[in-house]
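Chain and residue survey
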Amino acid sequence: MTGFLGQALLYIVPFLLVLTFIVTIHELGHFLVARAFGVKIDRFSLGFGKALFSRVDRRGVEWRLAWIPLGGYVKFAGDLDASSVPDQAGLAELKGRIVAEQGPGAERDYFHFKPVWQRALIVFAGPAANFLLAIALLTILFSVVGEQIVAPRVAQVQPGSPAAAAGFQPRDLITAVNGRPVRGGDEVTNIVILSAGDPLTFTVDRGGETLTLTATPERRLEQDEIAGRVRIARIGLGMYPLPQDYSFRRLNPIEAAGKGVETIGRVVGSTFRYLGRIFVGKESGDLLNGPLGIAKAAGGVTQQAVSVEAAPPLVAAYLALTLVQFAAIVSVGMGIVNLLPIPVLDGGHLMFYGYEAVARRPVPARVQEVGYRVGLALLAGLMLFATWNDLQKLSLFKFLGGLA
């Protein structure tokens, strides 16, 4: 039992710490920009459901910690619920009620009666805060640790693989993919992963001679230490660099911030490319993670960090840096998900505000109502799909079958 509880804590505690931190920053983005525009706010909640702790500040904002720690929200005055959807009776009735209770002009302090550009900025501030957090965390990492570049040197070519068919040989150095220069092996891996079924052209340095080789990545089922079972695109190369292929440099704060922006931009671009490939049927969505997958990844990186053979202070420092890097990636993921054009998400609100800005009138109430219902269904479907992926990766079905 002790071992089981220890493993559970190893996965659950880091997951909840990282998730709570990222959700707090996301909601603070909404909160601070809304406060800057003079919006009246009823509640700032971390978690959903019944309150474990709450207090009301001098401005009338209830600060709440709820018992379901899987998200959070900012509730503006006049909201019907936590999703910032106007009262179903209509904005005119809402305005009349506010004026009747508080006097003419009081409605100007309410979110739904702010100019559309202010509402859009308030909504966008949540995902923007996630991206800024990720950049800040990576800036800290690059400033403290520095940047290590490991050149993509080929050490092994799997027989019968696309790489073998293309003519790769051990000690080849990959210098470009599809004409784009690459410096590190991680860049090559990321390109290959997002190119299943698409021919890739590799520029290779072989003993001073430049060659052009073409290989088409194919999906393979692999067991990853952190992600679990995944179906991922590979070409069949093992890359183990020579001593001269390693380079390392310290970055000053400005360089570190620039590297952080560049890294986040690459992650965002790769994510949207992957989502686009799912939409056109070129990817199955195996790499999408739900809460279980994120929890497993959090536990995996924590376990790797604490298993390092070093003095306790060094292990603690390594664990902190590992969780900072993990938090940066999860924060980017949260920002991207919230920008998807699905009603009930920030991206759906922005889509409605875009229509309002162009048409000079809000989206009709009936359309909004249907949109939010469809959005909830899509979001629920996405969560179910991601959770199904998590269960398959974790082989839980196989485990449960063994208990029968």
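Positions within a chain are numbered from 1, following the residues in the order the chain's sequence is written. Thresholds applied to this predicted model are a pLDDT of at least 70 for local features of residues and 80 or more for the giving and counting of side-chain atom pairs; totals over whole chains, interfaces and linings are not thresholded and use all residues. Hydrogens and waters are ignored; side-chain quantities use all the structure's heavy atoms.

This brings us to the nonpolar core. Here, nonpolar core refers to any group of buried Ala, Val, Leu, Ile, Met, Phe, Trp, Tyr and Cys residues whose side-chain atoms link them within 4.5 Å. Only protein chains enter the calculation, and the probe is 1.4 Å; a residue is then buried if its accessible area is under 20% of its type maximum, exposed if over 50%, and partly exposed in between. Counting residues in each nonpolar core, the largest one holds 37 residues, and the members touching the most others are Ile 22, Ile 41, Phe 76, Phe 111, Ile 264 and Val 332. The helix count covers DSSP runs of H or I at least four residues long, the strand count covers runs of E at least two residues long, and both are numbered beginning at the N terminus. Of all elements in the fold, only helix H1 (2-36), strand S1 (41-56), strand S2 (62-76), helix H3 (116-144), helix H6 (253-279) and helix H8 (312-338) reach the threshold of two or more residues within this core. For this core, the element with the most residues is H3, which contributes 10 residues. In what follows, residue pairs with any heavy atoms lying within 4.5 Å of each other are defined as contacts. Excluding its chain neighbours within four sequence positions, the residues that come into contact with Val 332 are Phe 131, Ala 134, Ile 264, Val 267 and Val 268. Ranked by size, the runner-up nonpolar core spans 18 residues in total, among them Val 154, Val 157, Val 192 and Leu 237.

At Arg 171, a residue that is not glycine, the phi angle is positive and equals roughly 80 degrees. You can see Arg 171 is positioned in the loop between helix H4 (162-166) and strand S5 (173-177). On the basis of relative accessible area, Arg 171 is assigned to the exposed category, the value being 55%. The backbone of Asn 178 shows a phi angle near 55 degrees, a positive value even though the residue is not glycine. Along the polypeptide, Asn 178 turns up in the loop between S5 and strand S6 (180-181).

Here we take up the confidence of the model for the protein chain. Low pLDDT marks stretches whose predicted atomic positions should not be read closely. Per-residue confidence for the protein chain averages 80 on the pLDDT scale, and 78% of its residues sit at or above 70. A residue's pLDDT is simply how confident the predictor is in it, with values from 0 to 100. Averaged over each element, pLDDT in the protein chain is lowest for helix H11 (residues 396-403) (35) and highest for strand S7 (residues 200-206) (94). The model gives residues 395-404 a pLDDT under 50, and that stretch makes 5 contacts with residues more than four places away or in other chains.

Turning our eyes to something else, we now look at the pairing of strand S3 (residues 147-150). Here S3 shows a clear split, with Glu 147 and Ile 149 buried on one side and none of Gln 148 and Val 150 buried on the other. A strand pair is defined by DSSP finding two or more bridges across the two strands. Relative to strand S12 (residues 246-249), S3 runs antiparallel, the two sharing 4 bridges. Bridging from a neighbouring strand, Val 150 pairs with Tyr 246 of S12.

When two rings of Phe, Tyr or Trp (its six-membered ring) have centres within 6.5 Å they constitute a pair, described as stacked for plane angles under 30 degrees, edge-to-face for angles over 60, and tilted for the intermediate range. In the structure shown here, the tally under the stated rule is 7 aromatic pairs. Measuring from centroid to centroid gives 5.7 Å for Phe 31 and Phe 44, while their planes differ by 90 degrees, and the two rings are edge-to-face. In this pair, Phe 31 sits in helix H1 while Phe 44 sits in strand S1, placing the two residues 13 residues apart along the sequence. Judged by relative accessible area, Phe 44 falls into the buried class, the value being 4%. Ring plane angle 35 degrees and centroid distance 4.9 Å describe the contact between Phe 44 and Trp 63, whose orientation is recorded as tilted. In this pair, Phe 44 sits in strand S1 while Trp 63 sits in strand S2, placing the two residues 19 residues apart along the sequence. The rings of Phe 31, Phe 44 and Trp 63 are connected pair by pair, giving a single aromatic cluster.

This part is about H6. For an α-helix, 3.6 residues make a turn, and residues three or four places apart therefore share a direction. A helix's residues, less one, multiplied by 1.5 Å, set its expected span. An ideal rise of 1.5 Å per residue puts 39 Å on 27 residues; H6 measures up with 39 Å between its terminal C-alpha atoms. For H6, the set of buried residues is Ala 256, Lys 259, Gly 260, Thr 263, Ile 264, Val 268, Tyr 274 and Arg 277. Sitting at the amino-terminal end of H6 is Asn 252, which places a side-chain oxygen 3.0 Å from the backbone nitrogen of Ile 254. Any pair of nitrogen or oxygen atoms within 3.5 Å is treated as a polar contact; in protein, a donor-acceptor pairing is required on top of that, and neighbouring residues in sequence qualify only through side-chain atoms on both sides.

On to the sheet that holds S6. Backbone hydrogen bonds hold the strands of a sheet together, and the pairing may be parallel or antiparallel. Ordered by their spatial adjacency, 4 strands build an open sheet running S6-S5-S7-S8, and the pairing between neighbours is antiparallel. Two strands lie at the open edges of the sheet, namely S6 and strand S8 (209-215), each paired on one side alone. As defined by bridge partners, S5 adjoins S6 across 2 bridges and the pair is classed as antiparallel. By the bridge assignment for S6, Ala 176 is matched with Pro 181. Every axis corresponds to a line fitted to the C-alpha atoms, with the helix fit spanning only the stretch in contact, and the corresponding angles, defined between N-to-C directions, vary from 0 to 180 degrees. The strands that helix H5 (residues 185-193) touches are S5, S6 and S7; relative to S7, the one it contacts most, it runs at about 155 degrees.

Time to look at the pattern of salt bridges. Criterion for a salt bridge: a side-chain nitrogen of Lys or Arg within 4 Å of a carboxyl oxygen of Asp or Glu. With the rule as written, the count across this model stands at 8 salt bridges. Across the pair Arg 119 and Glu 356 runs a salt bridge, and its minimum N-O distance is 2.7 Å. Highlighted residues: Arg 119 in helix H3 and Glu 356 in helix H9 (residues 346-359), separated in sequence by 237 residues. Here Arg 206 ties to Asp 172 by a salt bridge, and the two come within 2.8 Å at their closest N and O atoms. Separated by 34 residues along the polypeptide, Arg 206 in strand S7 and Asp 172 in the loop between H4 and S5 bring together distant segments of the chain. The class for Arg 206 is partly exposed, based on a relative accessible area of 21%. Residue classification places Asp 172 among the buried residues on the basis of a relative accessible area of 0%.

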